[in-house]
Amino acid sequence: NRGLCGGYNSNVLRMARQRIEYHKSKNREVVLHVIGKKGVAFFRFQKIPVAQKYENIDDTFQYSDAESIARHFIYEFSKGSLDVVEIISTVYYSSAKQKPEIIGLLPVGVSGTDEEVKADAAVKPVMHSNSLFEPAPDKILEKLLPHIVRSIMFRSLLEAVTSEQIFRRIAMKSATDSAGDMLKNLTRSYNRIRQASITQELSEIVAGADAIG
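## Side note on the pairing of strand β4 (residues 97-106)
- Within β4, eight of the ten residues are buried, leaving the element largely enclosed by the surrounding structure.
- Alignment of strand β3 (residues 85-94) against β4, held across nine bridges, turns out to be antiparallel. Following the sheet pairing, I87 is matched in β4 by I103.
- As consecutive antiparallel partners, β3 and β4 are separated by two residues.

Take a look at the structure:
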């Protein structure tokens, strides 16, 4: 929702724009859901329609917010309105490394950075013939998968918010350092001009004294 965080917003939005163009090149319809005022403003300027916007997600968001968003995608995916759901956001690796990535939300298990893998890879369940499930596997997945999807959404929002604060801290530090350097340069310039002015005044006084003498 806010700026003053360096390239955080532009990096994510650039990747989202490229991803939209990629899907359209494959003749796929893209339904866009955007979290944050910066993204909404960007796509409005680009004249790209936004199906749903979420502008109330900030540093104080709760798990219920992520759950509400995930529940919508689960419903649309389960009834066949959506074939693939992808999250484009900044992923937090460490305090020194955060970068935008495309995360496969649905179907569960599709993720990575390679475009073909993210877009087209099929998720194949791995089950051994001698495995026993109680209750049945479909009942387990029916209960488990929604939890996984909600957790992925919540984690993505957490990492995005954390990365944003790190980007903002770095941007503010850079701005502070630049302001400090500018202040030093201005102070030096001021001192030089002041010294030159004093020297000139002294010269004029000495010259005047000599003339009178």
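## Observations regarding helix α2 (residues 37-45)
- Among the residues of α2, G39, V40 and F43 are the ones counted as buried. Axial view of α2: buried residues confined to an arc of 100°, hence all on one face. Facing away from the buried side of α2, by more than 90 degrees, are the exposed residues R44 and F45.

## A word on the packing of helix α1 (residues 8-25) against α2
- α2 packs onto α1 with a crossing angle of 45° between their chain directions and a minimal axis gap of 11 Å. It follows from the interaxial angle that α1 and α2 lie oblique. The two elements α1 and α2 cross, and the hand of that crossing is right-handed. Here α1 contributes N9, L13, A16 and I20 to the contact with α2, which in turn contributes K38, G39, F42 and F43.

## A look at the side chain of R150
- Mapped onto the elements, R150 comes out in helix α5 (residues 137-212).
- Residue R150 is classed as buried on the basis of its relative accessible area, which comes to 15%.
- Apart from residues lying up to four places away in sequence, R150 is in contact with Y63, E67 and A70.

## Some points on the packing of aromatic side chains
- Applying the stated criterion to the full structure yields four aromatic pairs.
- For the ring pair F42 and F43, a centre distance of 5.1 Å and an interplane angle of 80° mean the geometry is edge-to-face.
- Take F43: its relative accessible area is 2%, and that puts it in the buried class.
- Plain terms: the ring middles of Y63 and F154 are 5.1 Å apart, the flat faces sit at 75° to each other, and that makes the pair edge-to-face.

## Some points on the pattern of salt bridges
- The final tally for this structure, using the stated rule, is nine salt bridges.
- The partner of E67 in a salt bridge is R71, with the nearest N and O atoms 4.0 Å apart. Here E67 and its partner R71 are both found in helix α3 (residues 63-78), four residues apart, which amounts to about one turn of the helix.
- Here E67 falls in the partly exposed class, since its relative accessible area comes to 23%.
- Among the ionic pairs, K79 bridges to E76, the shortest N-O distance being 3.8 Å.
- On the basis of relative accessible area, E76 is assigned to the buried category, the value being 17%.
- Three or more residues are tied together by salt bridges with common partners; here these are E67, R71 and R150.

## Here we look at the confidence of the model for the chain
- The pLDDT averaged across the chain works out to 84; a share of 85% of its residues lies at or above 70.
- Mean pLDDT values for the elements of the chain range from 47 in helix α4 (residues 115-120) up to 96 in strand β1 (residues 33-35).
- A low-confidence stretch, residues 116-128 stays under pLDDT 50, and its non-local contacts, those more than four residues away or across chains, total 27 contacts.

## With respect to the nonpolar core
- Within the largest apolar cluster, 19 residues are counted, with the highest numbers of intra-cluster contacts made by F73, L105 and M153.
- Those elements giving two or more residues to this core turn out to be α3, β3, β4 and α5.
- A total of five residues in this core trace back to one element, the largest contributor, which is α5.
- L13, L32, V34 and I48 belong to the second largest nonpolar core, which has eight residues in total.

## Let's talk about unusual backbone geometry
- Looking along the chain, the bond that leaves L106 and enters P107 is cis, with omega of -5°.
- Structurally, P107 can be placed in the loop between β4 and α4.
- Backbone geometry places K47, a non-glycine residue, at a positive phi of 60°.
- Turning to its location among the elements, K47 is positioned in the loop between α2 and β2 (52-54).

Parameters and conventions
- Residues numbered from 1 in each chain as written.
- Predicted model: local features only at pLDDT ≥ 70, side-chain atom pairs only at ≥ 80, totals over all residues.
- Heavy atoms only, no water.
- Buried < 20%, exposed > 50% of the residue type's maximum accessible area, 1.4 Å probe, protein only.
- Helix = DSSP H or I, 4+ residues; strand = E, 2+ residues; numbered from the N terminus.
- Pairing = 2+ DSSP bridges.
- Arc of directions from axis to C-beta.
- Axes fitted to C-alpha atoms, helices over the stretch in contact; angles between N-to-C directions.
- Parallel < 35°, antiparallel > 145°, perpendicular 65-115°, else oblique.
- Left-handed = near helix turned anticlockwise from the far one by under 90°.
- Contact = heavy atoms within 4.5 Å.
- Phe/Tyr/Trp six-rings, centres within 6.5 Å; stacked < 30°, edge-to-face > 60°.
- Salt bridge = Lys/Arg side-chain N within 4 Å of Asp/Glu carboxyl O.
- pLDDT = per-residue confidence, 0-100.
- Core = buried A, V, L, I, M, F, W, Y, C linked by side-chain atoms within 4.5 Å.

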